[in-house]
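Tertiary structure, described
Take a look at the letters that make up each chain.
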Amino acid sequence: MGDDVVLVIVVATALAFDFTNGFHDTANAIATSVSTRAMSPRTAVAMSAILNFAGAFISLKVAATVASGIVDPAAITTTVVFAGLIGAIAWNLATWWLGLPSSSSHALIGGVVGAAFVASGPSAIFSDGLIEKVLVPGLVAPVLAFAVAASAIVVIYNMVGRLRPGPVNRGYRLGQLVTGSMFSLAHGTNDAQKTMGIITLALIAHGNLPANSTDVPFWVIVSSAAAIALGTYTGGWRIIRTMGSRIIKMDPAQGFSAQGAGAAVVLTATHLGFPLSTTHVISGGVMGAGAAKRLSAVRWGLAGNIALAWVLTLPAAAAIGALVYAVSSVFGNGPLGPLLVSIAVLGLIGVIFGRRLSHQRLVAAQ
Amino acid sequence: MTVATIDVGKLFELVWASMVAGAVVAACFSLIIIGVTRAADCRQNRRSGSATAYAALSAVATVVFLGIAVFAISIIATK
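Keep in mind that what you see is a predicted model, and the values were worked out from it rather than measured. (Residues numbered from 1 in each chain as written. Chains lettered and ligands numbered in written order. Predicted model: local features only at pLDDT ≥ 70, side-chain atom pairs only at ≥ 80, totals over all residues. Heavy atoms only, no water.)

**Describing the overall build of chain A**
- Scanning chain A for helices and strands turns up 12 helices and 0 strands.
- From first element to last, N terminus to C terminus, chain A shows the α and β order α-α-α-α-α-α-α-α-α-α-α-α.
- At 21 Å, chain A has a C-alpha radius of gyration in line with the 21 Å of a compact globule built from 366 residues.
- With the C-alpha coordinates aligned to their principal axes, the bounding extent of chain A is approximately 70 × 55 × 35 Å. (Helix = DSSP H or I, 4+ residues; strand = E, 2+ residues; numbered from the N terminus. Rg over C-alpha atoms; globule rule 2.2 N^0.38 Å.)

**As for the packing of helix H3 (residues 78-97) of chain A against helix H11 (residues 300-330) of chain A**
Residues and elements named next belong to chain A.
- Close contact between H3 and H11 brings their axes to 7 Å; oriented N to C, the two are set at 135°. Accordingly, the angle class assigned to the pair H3 and H11 is oblique. Crossing hand, H3 versus H11: right-handed. Contact with H3, carried on its side by Thr 79, Val 80, Phe 82, Ala 83, Ile 86, Gly 87, Ala 90 and Trp 91, involves Ala 309, Leu 312, Thr 313, Ala 316, Ala 317, Ile 320, Gly 321, Val 324, Tyr 325 and Ser 328 of H11 and no other residues of that element.
- Of the residues contributing to the contact of H3 with H11, the split by class is 13 nonpolar, 5 polar and no charged. (Axes fitted to C-alpha atoms, helices over the stretch in contact; angles between N-to-C directions. Parallel < 35°, antiparallel > 145°, perpendicular 65-115°, else oblique. Left-handed = near helix turned anticlockwise from the far one by under 90°. Contact = heavy atoms within 4.5 Å. Nonpolar A, V, L, I, M, F, W, Y, C, P; charged D, E, K, R; others polar.)

**Here's the deal with the side chain of Ser 277 of chain A**
All names here are of chain A.
- Structurally, Ser 277 is set in the loop between helix H9 (252-271) and helix H10 (278-293).
- On the basis of relative accessibility, which here comes to 13%, the residue Ser 277 falls in the buried class.
- Engagement of the side chain of Ser 277 in a polar contact is seen with the backbone nitrogen of Thr 279, the distance being 3.2 Å.
- Those residues in contact with Ser 277, other than ones at most four positions away along the chain, are Ser 103 and Ala 141. (Buried < 20%, exposed > 50% of the residue type's maximum accessible area, 1.4 Å probe, protein only. Polar contact = N/O pair within 3.5 Å; in protein donor to acceptor, adjacent residues only side chain to side chain.)

**Points about the interface of chain B and chain A**
- Taken together, the contact pairs 35 residues of chain B with 44 residues of chain A.
- Between chain B and chain A, roughly 3,500 Å² of surface is buried when both sides are summed, and carbon and sulfur atoms account for 79% of that area.
- Remark: the boundary between chain B and chain A carries 1 salt bridge.
- The residue Asp 41 of chain B makes a salt bridge to Arg 164 of chain A at a minimum N-O spacing of 2.6 Å.
- Where chain B meets chain A, there are 3 residue pairs in polar contact (both at pLDDT 80 or more).
- When contributions to the side of chain B that touches chain A are tallied by element, the ones reaching two or more residues are helix H1 (8-44) and helix H2 (48-78) of chain B.
- Considering every element that reaches the side of chain B that touches chain A, the biggest residue donor is H1 of chain B, with 22 residues. (Buried area = accessible area lost by both parts, 1.4 Å probe. Salt bridge = Lys/Arg side-chain N within 4 Å of Asp/Glu carboxyl O.)

**Some remarks on the confidence of the model for chain B**
- For chain B, the average pLDDT comes to 89, and 92% of its residues sit at 70 or higher.
- For this predicted complex, the interface confidence score (ipTM) comes to 0.90, while the overall pTM stands at 0.89. (pLDDT = per-residue confidence, 0-100.)

**Side note on the nonpolar core**
- Core analysis: the largest hydrophobic core is formed by 111 residues, its most contacted members being Ile 70, Val 71, Ile 247 and Leu 276 of chain A together with Leu 14 of chain B.
- At 13 residues, helix H1 (residues 2-35) of chain A tops the list of elements feeding residues into this core.
- Not counting residues within four places of it along the chain, the set of residues in contact with Leu 14 of chain B comprises Val 140, Leu 144, Val 265, Thr 268, Ala 269, Leu 272, Phe 274 and Leu 276 of chain A.
- Listed in part, the 18 residues of the second largest apolar core include Ala 152, Leu 163 and Tyr 172 of chain A together with Cys 28 of chain B. (Core = buried A, V, L, I, M, F, W, Y, C linked by side-chain atoms within 4.5 Å.)

If you want it as structure tokens, here you go:
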């Protein structure tokens, strides 16, 4: 009975993480399209949500489990996964609140690393894996996307610079429909699979699936796809605003080059088996498309804040994951710890959003 | 930092392949726009030969761009 409760909590938390992942990363696919008016905001989130949902069904290679190669598999228990998920959700909500794009995957890895560190000690963490799968891609993604987008916008301005701006702008807006769709599809395929992997892992640990199972139950696929699509449709508007109009004020050609270069980098990396964060890539792309036109076009102060959020993602999510695991462990190995933590987190979110809503009503009344 | 954990060859391949892919996507879509815009201008000026040539350029670039999009979807599907 106790194990059943823990399983239900982990599945619900995984779907909640999937939802935050969707709404946190909506900006990656649609911010530039909305900013350049290639699509209306509602159409953009609806399209992105549908493609995220579809993307979750395209590829089901869920064998890659959470933090594989970074954390000793023997150290990963359902409570560690639960604590890691809470760490990732908390960091996603905090960065969304501040309107800063950050990697949900790095947050999840950070949360699991922190929880595993408390559960099994430093020997459970593979530092080589952290360097190879988090630090190096974290450095490469934005710098490479910056360079690719900058060279792409130079190519574009040189080719179409003498044409009438009307048809050119309409053309690049159309192009953004294609590149935005690619981003959404790739995101659904990549990120919904993380949740499927987590839930499958929990089902294996609980004994619902055999230990060597690679089959993902259909309800897991559908619920993961639905959670990420729903999160995407909800739209993290604060981050969309940051990515679409606060870093640079972009024209349709810049929007196309940022998205096109971003898609080129993400898909080339996927093809070579070198997975990069879509958030890091598109942020670097937007900055590159702006800087190539004029260095001062980029708000470097904001870019610095975004970079700081990236640096803090892993340690902050790890600290929260570690704290959640420590608190849960106080109540033993049963479901009481995760249950109390879940209630506390839900209560905290309710209080924060309730205060925010009442503040908005007060402002509206005045 | 442990250099041994970083596949420098793969990293270098990622850099040049991404640069080429980004430039090809940008150039290809720009050719579509140039073809369509110039073809319309030529038609207005009754230069049907040039209009046809630009329309053909645009059509070829569209086929290449759609080919790139299909290749991208195949990468997503088979990763």
